[in-house]
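# Structural description and commentary
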Amino acid sequence: QVQLVESGGGLVQTGGSLRLSCVASDRDFSIVVMDWYRQVPGNQRELVASVHNNGIAKYADSVRDRFTISRDNAKNTVYLQMTSLKPEDTAVYFCHRAPICSAYECDPEYWGQGTQVTVSS
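Just so you know, these numbers come straight off a predicted model, no measurement behind them.

## Digging into the pairing of strand 1 (residues 3–7)
Note on strand geometry: in a regular strand, side chains alternate between the two faces of the sheet. Of the two faces of strand 1, only the one carrying Leu4 and Glu6 is buried; Gln3, Val5 and Ser7 on the other face are not. Across five bridges, the pairing between strand 1 and strand 3 (residues 18–25) is antiparallel. Along strand 3, the bridge assignment pairs Glu6 with Cys22.

Written as structure tokens, this is what we have:
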């Protein structure tokens, strides 16, 4: 059973910065894709950023050049550094561990409990 524990959310003013952390109890952490999603009440969960096991990252257009995702495989931790925050970045941010798939099946995906980020105008 994989557990993901996020931290680092909070209240920040427009233009401020926050760093989210997600620690995974996952023996396969070094080989999995890790993502950050966010969700505003009433909306679908939105993919913010992904990082592959080799460190290659992808971003949603809305956060590119402001957010940076990174990982430390030695610490089983994925980070989301958020800068130049805007009120529209306000959401609950979730850490996500993508499933590992073989030719025949995939293991489950896992989600953290979420951490609230609020950006005041």
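## Description of the sheet that holds strand 1
One open sheet holds the four strands; their spatial order is 1-3-8-7, and the pairing between them is antiparallel. The open sheet has two edge strands with one neighbour each: strand 1 and strand 7 (67–72). For this sheet the average axis-to-axis angle between neighbouring strands, irrespective of direction, equals 15 degrees.

## Considering the side chain of Arg66
Structurally, Arg66 is set in the loop between strand 6 (57–59) and strand 7. Within the structure, Arg66 has its side chain in polar contact with the side chain of Asp89 (distance 2.7 Å).

## As for the state of the cysteines
On inspection of all chains with the given rule, the structure shows two disulfides. Two residues, Cys22 and Cys95, share a disulfide whose sulfurs are 2.1 Å apart. Across the S-S bond linking Cys22 and Cys95, the dihedral sits near -80 degrees, which makes this disulfide left-handed. Of this pair, Cys22 sits in strand 3 while Cys95 is found in strand 9 (residues 91–97), placing the two residues 73 residues apart along the sequence. The exposure class of Cys22 is buried, given its relative accessible area of 0%. The class for Cys95 is buried, based on a relative accessible area of 0%. Taking only the cysteines that form disulfides and numbering them from first to last, the chain has the pattern 1-2, 3-4.

About the criteria used
Residues numbered from 1 in each chain as written. Predicted model: local features only at pLDDT ≥ 70, side-chain atom pairs only at ≥ 80, totals over all residues. Heavy atoms only, no water. Buried < 20%, exposed > 50% of the residue type's maximum accessible area, 1.4 Å probe, protein only. Helix = DSSP H or I, 4+ residues; strand = E, 2+ residues; numbered from the N terminus. Pairing = 2+ DSSP bridges. Axes fitted to C-alpha atoms, helices over the stretch in contact; angles between N-to-C directions. Polar contact = N/O pair within 3.5 Å; in protein donor to acceptor, adjacent residues only side chain to side chain. Disulfide = S-S within 2.5 Å.

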